[in-house]
Structures are given as structure tokens and as C-alpha cells.
2 protein chains.
Amino acid sequence: MTQVMPLIRNGVNIDQMFGTLDAIKANPSLATFKWRATNQWLGGSHNRTTIKSFYGGGGEDTSREPTFTLDAGEPNILLGHDEGPNPAEFLLHALAACLMTSVVYVASARKVVLEEVSSTVEGDMDVQGALGLSDEVRNGFTAIRVKFNIKAQASPEKIQEVLERAYARSAVFDSINGGVPVTVSLAA
Amino acid sequence: MTQVMPLIRNGVNIDQMFGTLDAIKANPSLATFKWRATNQWLGGSHNRTTIKSFYGGGGEDTSREPTFTLDAGEPNILLGHDEGPNPAEFLLHALAACLMTSVVYVASARKVVLEEVSSTVEGDMDVQGALGLSDEVRNGFTAIRVKFNIKAQASPEKIQEVLERAYARSAVFDSINGGVPVTVSLAA
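What you are looking at is a predicted structure, and each value in this text was computed from that prediction instead of being measured.

Quick notes on the overall build of chain A
- Along the backbone of chain A there are four helices and ten strands.
- Listing every helix and strand of chain A by position from the N terminus yields β-β-α-β-β-β-β-β-α-β-β-α-α-β.
- Taking the principal axes of its C-alpha atoms as reference, chain A extends roughly 70 × 45 × 30 Å.
- Residues classed as buried in chain A amount to 52% of the 188 residues present.
- In chain A, the share of contacts with a sequence separation of at least 24, taken over all contacts with a separation of at least 6, comes to 48%.
- In chain A, 16 side chains carry a positive charge and 21 a negative one; their mean positions are 10 Å apart.

Printed below as a string of C-alpha cells:
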């Protein structure tokens, strides 16, 4: 008997990828996800988020073993002690990470073998808004720029095509670029 | 000689807070910040972000000592191996962390002593968008809900007021709720 090895490209199991796509095509409700985070104040601008459970694929996830913890802080100039990246920096990381995964998945589906991929992200903010000193400037970022370096076994045109398709499909790119309605309330 | 101790409330140095606000009022250009992140592909959906430098307070920061690293991954159902929270979860963490810091800073400025504060965040996503299976659903979150638990030495009305002021000024809440123009390109 010959054992069939799964096709892996760029570290992505291509057989699993197309199997997942087929399963969702057959049953679109599998695509409904709920992502979650729980955050705890630790004093001053230091707080910690715990991440584990999510809903997806038709039910509550039971596969994830680790519980992730993330510490956020602020630098001294914003009254903290660098206990972690600040929340604005975490937003940029979320964006960079999602775009990276999108590049890898799109390249893998399109048979592009990646060699090295990295990105740098920079976002502009006038903190007069968040500090309550001005109603003329917004509280959040005014612009975010992402620059990718991609080395791949593909033409420059193909690499550009992969990048464009990646951000056209990135969940976090769309969430930030398009905005998401957020409700904030006290727990009952 | 009597030594004057700084006033600390909720772990926040109130003297530093009002000193910072006065300095920015006198010179608004101090409020211009640039936040940054650098992300590296590690194979499949595993990637790592490095965070350290930022511009703010009139120049490049020289005070921050640690370099932060953050690993992002995906759960098995989305073709990964749980090397870290996924990018969508990092976005929720960024939001929770920013709202928490805003609650703490607003409470501190308004003389509200906090005892315990936590929040839970949940966001809805139909991954048919990000997986390229449908143009009818968006790629990103369709809605995000944040619920706060706040124990403080204050009336329920005062606590509600602090929470409302906090999200009215949160940089990440505004970035996500209002959206931010994001540009993605290949480095020159």
C-alpha cells in the first residue's frame, strides 16, 4: 500500500484548505464564527487579556489547547510603565498578522512558493483626541500604512497580484479600513 | 524639608497626567504620534510581530527599554496550529485593552477610585468573506460587543458616566468603530 502524503505548500495543508472550502460551500453555516477576549485591569494602564474559546464550524471549539494571555501597557510618556505594547500597537499587530496570513493562504492556493515575507506597519495619531484636549482631531488613527517585502518563486506581477488579493480578503484589514459597529455597555 | 509625594490614583500618577495635559496644551505638536510594528512570516499561519520604536512627544522615543514580541497563529479549523491568538482575536484584545485604559484614566481624572474592572468582548464574523467564498458577506467583523464589570467607590450613575466618557475618547474604539484608511503596498 502506498501512503498518500498531504500536499503542504508554504506550511499550509492544501488538502485541508480545499476540504474546508468544500465543506463550507456545502454548509455555509459552518462559516459563522464568534471570536472572544476577556480583559482584566491590573492597575494603572496595565491590563491583561485571556483568549481561548471561540464559536465556529458549527459549534463551540474543543480543539484549542493553549490559553493565551496578553499584557497591554503604555510607555512612560502616556503615563505607563511599558508592561506590554500599548493598545494602538496591538491594533497594528492584528492588521499586520492578518495581512500576512492572507498573503500566505492566497499564495498557497495559487501555487506560489514563498521564501521570505515581512511587513512594516506605521499609523498616525494625534493624541489630543484621546486625551480629551481637542474635538477638532479624531481619537483614533488618521492613517495606517503597511509595506510588504515578499520573496517568492514568482514574477513581480504575480507577487503584486497575490498581495492585492490578500488585502482584498483580509478580515482585519476590512474591519479597520471599513469600520465595525462596536457597542460598549455595563454587564447586567 | 518636607518631600512632596506624587498623587497616585488607580495606579496613575495624577501629577504627571495633568503635567502632560498642560504641556500638550502649550505645544500641541507634542501630541503627534506614530505607532509601529514589524511582522515576520514563520511558516503557514504563524507569524511574529516585533514592537519597540515610536514617535511622540516631539521626537523618537528613547525611554522604552523592552522589545515586545507577539506570535499570531490560527486554530486548526482555520488551517493553523494555535501558535498564538489569531489576528481577529488580537483586534478584540486591542479594543478591550484601550477601553480599559480609557476607563482607568477617565476615572482617575474624575477622582473615582476603582476596585475591580474587567470586560468581555465578542465579535461576529462570517468567514465566507475572508475565505473568498462569497461576495455577499463582508470579510471583517459585522458587529463587536463589549461588556464591562466595574466595581468602584462611586454611584452607578457616576460609573456609567465614566464608561461613556471612556469609549467616547478611546483611540482603538474610534479606529474600529469609525474605520481608518489603510494602504498596503510592496516596499520599494
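Observations regarding the relation of the copies chain A and chain B
- Overlay of chain A on chain B (RMSD 0.0 Å): rotation 180°, translation along the axis 0.0 Å. Taken together, the rotation angle and the small translation identify this as a two-fold axis. Scanning chain A for the C-alpha nearest the rotation axis identifies Gly-179 of chain A, at a separation of 1.9 Å.
- Comparing interface residues between copies, 99% of those in chain A also lie at the interface in chain B; the contact surface is shared.

Considering helix α1 (residues 14-26) of chain A
Residues and elements named next belong to chain A.
- Its 13 residues place the ends of α1 18 Å apart at the C-alpha level, agreeing with the 18 Å of an ideal helix rising 1.5 Å per residue.
- Residues Ile-14, Met-17, Thr-20, Leu-21 and Ile-24 constitute the buried set of α1. Along the long axis of α1, the arc covered by the buried residues comes to 125°, so they all point the same way.
- Here the buried face of α1 lies against β1 (8-9), β2 (12-13) and α2 (87-109).
- Capping the start of α1 is the job of one residue whose side-chain oxygen sits 3.1 Å from the backbone nitrogen of Asp-15: Asn-13.

A look at the pattern of salt bridges
- All told, the structure shown has 26 salt bridges over all chains when counted by the stated rule.
- In this structure, the salt-bridge partner of Arg-48 of chain A is Asp-71 of chain A, at a minimum N-O distance of 2.6 Å. Of this pair, Arg-48 of chain A sits in strand β4 (residues 47-51) while Asp-71 of chain A sits in strand β7 (residues 68-72), and the two are 23 residues apart along the sequence.
- Sharing partners across several salt bridges, the network here consists of Lys-34, Arg-36 and Glu-60 of chain A together with Glu-122, Asp-124 and Arg-145 of chain B.

Things to note about the interface of chain A and chain B
- With 126 residues of chain A at the contact, the number on the chain B side is 125 residues.
- Each partner contributes to the roughly 11000 Å² buried at the junction of chain A and chain B, and carbon and sulfur atoms together form 60% of this total.
- Viewed at the interface, chain B and chain A are joined by twelve salt bridges.
- Of the charged contacts in the structure, one is a salt bridge between Asp-82 of chain B and Arg-64 of chain A, with a shortest N-O distance of 3.1 Å.

Quick look at the packing of helix α2 (residues 87-109) of chain B against helix α4 (residues 171-178) of chain B
All names here are of chain B.
- At a closest axis distance of 7 Å, the pairing of α2 and α4 adopts a crossing angle of 135°. Viewed along their axes, α2 and α4 adopt a mutual orientation that is oblique. For the pair α2 and α4, contact is made by Leu-91, Ala-94, Leu-95, Cys-98 and Leu-99 and by Ala-171, Val-172, Phe-173 and Ile-176, respectively.
- The residue inventory of the contact of α2 with α4, partitioned by class, reads nine nonpolar, no polar and no charged.

As for the packing of helix α1 (residues 14-26) of chain B against α2 of chain B
All names here are of chain B.
- Where α1 meets α2, the axes come as close as 10 Å, and the angle between the chain directions of the two elements is 95°. Taken together, the axes of α1 and α2 are roughly perpendicular relative to one another. Contacts between α1 and α2 involve Ile-14, Met-17 and Phe-18 from the former and Tyr-105, Ser-108 and Ala-109 from the latter.
- For the contact of α1 with α2, the class distribution of residues is five nonpolar, one polar and no charged.

Focus: the side chain of His-93 of chain A
- Among the structural elements, His-93 of chain A can be located in helix α2.
- Within the structure, His-93 of chain A has its side chain in polar contact with the side chain of Thr-49 of chain B (distance 2.7 Å).
- When sequence neighbours within four positions are dropped, the list of residues in contact with His-93 of chain A reads Ala-37, Thr-49, Ile-51, Leu-70, Ala-72 and Phe-90 of chain B.

Some details on the nonpolar core
- The biggest cluster of nonpolar side chains holds 112 residues, and the ones touching the most others in it are Leu-95, Ile-144 and Phe-148 of chain A together with Leu-95, Ile-144 and Phe-148 of chain B.
- Beyond its immediate chain neighbours, meaning those up to four positions away, Leu-95 of chain B contacts Val-182 of chain A together with Val-121, Ile-144, Val-146, Val-172, Phe-173 and Ile-176 of chain B.

Thoughts on the pairing of strand β9 (residues 143-152) of chain B
All names here are of chain B.
- Every second residue of β9 is oriented toward a common face, the buried set being Ile-144, Val-146, Phe-148, Ile-150 and Ala-152 and the non-buried set Ala-143, Arg-145, Lys-147, Asn-149 and Lys-151.
- Bridging between strand β8 (residues 114-126) and β9 involves ten bridges; their strand directions are antiparallel. By the bridge assignment, Val-121 is partnered in β9 with Val-146.

Overview of the packing of aromatic side chains
All names here are of chain A.
- Under the criterion given, the structure shown has nine aromatic pairs over all chains.
- Taken together, a centroid distance of 4.9 Å and an interplanar angle of 40° make the contact between Trp-35 and Phe-54 tilted. You can see Trp-35 sitting in strand β3 (residues 32-41) and its partner Phe-54 sitting in strand β5 (residues 54-56), a full 19 residues away along the chain. One exposure class covers both Trp-35 and Phe-54, and it is buried.
- These aromatic residues form a ring-pair network of at least three members: Phe-33, Trp-35 and Phe-54.

Each value, and the rule that gives it
Residues numbered from 1 in each chain as written. Chains lettered and ligands numbered in written order. Predicted model: local features only at pLDDT ≥ 70, side-chain atom pairs only at ≥ 80, totals over all residues. Heavy atoms only, no water. Helix = DSSP H or I, 4+ residues; strand = E, 2+ residues; numbered from the N terminus. Buried < 20%, exposed > 50% of the residue type's maximum accessible area, 1.4 Å probe, protein only. Contact = heavy atoms within 4.5 Å. Lys, Arg positive; Asp, Glu negative; His and termini not counted. Charge placed at Lys NZ, Arg CZ, Asp CG, Glu CD. Least-squares fit on C-alpha atoms with pLDDT ≥ 70 in both. Expected span 1.5 Å × (residues − 1). Arc of directions from axis to C-beta. Polar contact = N/O pair within 3.5 Å; in protein donor to acceptor, adjacent residues only side chain to side chain. Salt bridge = Lys/Arg side-chain N within 4 Å of Asp/Glu carboxyl O. Buried area = accessible area lost by both parts, 1.4 Å probe. Axes fitted to C-alpha atoms, helices over the stretch in contact; angles between N-to-C directions. Parallel < 35°, antiparallel > 145°, perpendicular 65-115°, else oblique. Nonpolar A, V, L, I, M, F, W, Y, C, P; charged D, E, K, R; others polar. Core = buried A, V, L, I, M, F, W, Y, C linked by side-chain atoms within 4.5 Å. Pairing = 2+ DSSP bridges. Phe/Tyr/Trp six-rings, centres within 6.5 Å; stacked < 30°, edge-to-face > 60°.

Just distances and angles here, no functional claims.
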